[in-house]
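Given next are the chains, with one letter for each unit.
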Amino acid sequence: MTQLLIHLFVRHPDDTKNAAVRTAYGNLASLVGMACNLLLCLGKLAAGTLFGSIAIMADALNNLSDASSNVVSLVGFRLAAKGPDEKHPYGHARYEYLAGLVVCVTILAIGLSLLKESALKVLHPTAVVFSWLSVGVLAASILVKLWMSRFNKTIGQRINSETLMATAADSRNDVLTTSAVLLSTVLSHLTGWDVLDGLMGVAVAAFILWSGWGLMMDTLSPLLGESPSPELVEHIEHTVMSYPGVLGVHDLMVHDYGPGHQFASLHIEFPAEADPLEAHDIIDNIERDFLKKDHLQVTIHYDPIVTSDAAVGILRSRLMEKARQMDPRLSIHDLRIVPGDSHTNVLFDLVFPAGYTGDKDARLAEMCNFVKEQDPRYCCMVKVEQSYASALPEEDQ
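Quick caveat: nothing in here was measured; it's all calculated off a predicted structure. (Residues numbered from 1 in each chain as written. Predicted model: local features only at pLDDT ≥ 70, side-chain atom pairs only at ≥ 80, totals over all residues. Heavy atoms only, no water.)

Participant: So what's going on with the overall build of the protein chain? Residues and values would help.
Facilitator: For the protein chain, the count of helices and strands is eleven helices and six strands. Across the 397 residues of the protein chain, 42% fall into the buried class. Put simply, 67% of the contacts in the protein chain that link residues at least 6 apart link residues at least 24 apart. Of the roughly 20900 Å² that the protein chain leaves accessible, carbon and sulfur atoms contribute 62%. (Helix = DSSP H or I, 4+ residues; strand = E, 2+ residues; numbered from the N terminus. Buried < 20%, exposed > 50% of the residue type's maximum accessible area, 1.4 Å probe, protein only. Contact = heavy atoms within 4.5 Å. Areas by Shrake-Rupley, 256 points an atom, 1.4 Å probe, with all protein chains shown as cover.)

Spelled out as structure tokens, the structure:
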């Protein structure tokens, strides 16, 4: 069914990096969710009213709130599709993150409401109404919600949407909630223990609150400015290094303005002896290729590296190895040796990972002592930098 709906309503479904295709996926998921939740709400309201079941009526209202979350998602995808304007030159794609945040807040609100109602039922148990029709309605609801969870998860993974992943989790939570209502209805009927309804509700509410909090943290992370994924970092570095003449890459930064709206900047090292016009042409090609193939706007800075001076090359290799020995996460770049009458300045950048908890001063002193060991005339001049991206661990590359 999922593939059929995608085939019918999404043009060029494989081009998920295209903003129009992404919006089409989001609209499809939101509209299907609205339709399913409204039908479930109407069916449960009818069954709950007919048999006087408060549990089924509450579950119907839960489906109504899910439909409102689908509306939020639909509005979020529509707003995120707006192009750049004078006040927002980077576009409006972060609206999708905000929509996901609203869905997460809704999940937490439902969890708190269910926890309150369930606690009251534990303290003041009430008889649970049993009928085979209500059992059938709840069973059908579970099957529909299972499909909706898989449907939203499939599309969410395909377009890398935290909003739809949150919606999928919400549908999964509904399966647990409705299953708890069904199980407590049957067990209470068989055993006469009406308190089971409340106890089951407390357990489900705790799980919903736990998963909702995790989803909220995942949704907040890109809004706060999370580091790019190691896979993206590895892809960018591997791609850049595949071009002729490139010696190294450093100072990579990726800025996320919403799904499909990422901007990157980095420094590329070329031999200082190379023709600068040829190097500039290669840089232009790299920037154009990233935009064409990955929809990634890249800005590149050109760093010339002296390769004709053997002393520079040897010292660079030794410093890089020393940094790795101190901590595999450390690196150096932009090494220069400037001779003078009384001493020789050795200048380079020492890069620490973000949130580094070690003793930076001690590492810096150790590095400078190492430089001095290479030649007593060397005077160490280090610029300390922070890394804004991390690559995959060596064993995963």
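Participant: Describe the sheet that holds strand S1 (residues 248-256), listing the residues and the values that go with them.
Facilitator: Hydrogen bonding along the main chain pairs the strands of a sheet, whether they run parallel or antiparallel. Taken together, the three strands give an open sheet; going across it, the order is S1-S2-S3, and neighbouring strands pair in mixed fashion. Of all strands in the sheet, those bounded by a partner on one side alone are S1 and strand S3 (297-305). Each adjacent strand pair in this sheet contributes to an overall mean axis angle of 15°, direction not counted. Each of S1 and strand S2 (262-271) touches helix H8 (residues 230-241); the most contacted strand, S1, lies at about 135° to it. (Pairing = 2+ DSSP bridges. Axes fitted to C-alpha atoms, helices over the stretch in contact; angles between N-to-C directions.)

Participant: Help me get a handle on the confidence of the model for the protein chain, residues and values and all.
Facilitator: In the predicted model, the protein chain carries a mean pLDDT of 86, and the fraction of residues at 70 or more is 95%. Mean pLDDT per element in the protein chain: helix H3 (residues 54-80) is the minimum at 79, and helix H9 (residues 276-294) is the maximum at 94. (pLDDT = per-residue confidence, 0-100.)

Participant: Explain the layout of surface pockets to me, and be specific about the residues and the numbers.
Facilitator: Put simply, the second largest pocket is a space of about 1000 Å³. Around the second largest pocket, the lining comprises 38 residues; the ones closest to its centre are Ile159, Asn160, Pro259, Gly260 and Gln262. (1 Å grid on protein atoms, 1.4 Å probe; cavity = no way out; pocket = protein on both sides within 12 Å on 5 of 7 lines; lining within 4 Å. Points joined across faces, edges and corners; volume = space filled by probe spheres on them.)

Participant: Requested: an account of the packing of aromatic side chains, with residues and values cited.
Facilitator: Applying the stated criterion across every chain, the model contains six aromatic pairs. Both rings, one in Tyr90 and one in Phe263, keep their centres 5.1 Å apart while their planes meet at 85°; by these two values the pair is edge-to-face. You can see Tyr90 sitting in the loop between H3 and helix H4 (95-123) and its partner Phe263 sitting in strand S2, a full 173 residues away along the chain. An aromatic cluster of three or more residues is present, and its members are Tyr90, Tyr257 and Phe263. (Phe/Tyr/Trp six-rings, centres within 6.5 Å; stacked < 30°, edge-to-face > 60°.)

Participant: Account for the nonpolar core, with residues named and values stated.
Facilitator: For soluble globular proteins, the rule of thumb is that nonpolar side chains tend to be buried together. Ile236, Val240, Leu252, Ile268 and Ile286 are the most contacted members of the largest nonpolar core, which totals 21 residues. When residues of this core are traced back to their parent elements, those giving at least two are H8, S1, S2, H9 and S3. The dominant element in this core, judged by the number of residues it contributes, is H9, at five residues. (Core = buried A, V, L, I, M, F, W, Y, C linked by side-chain atoms within 4.5 Å.)

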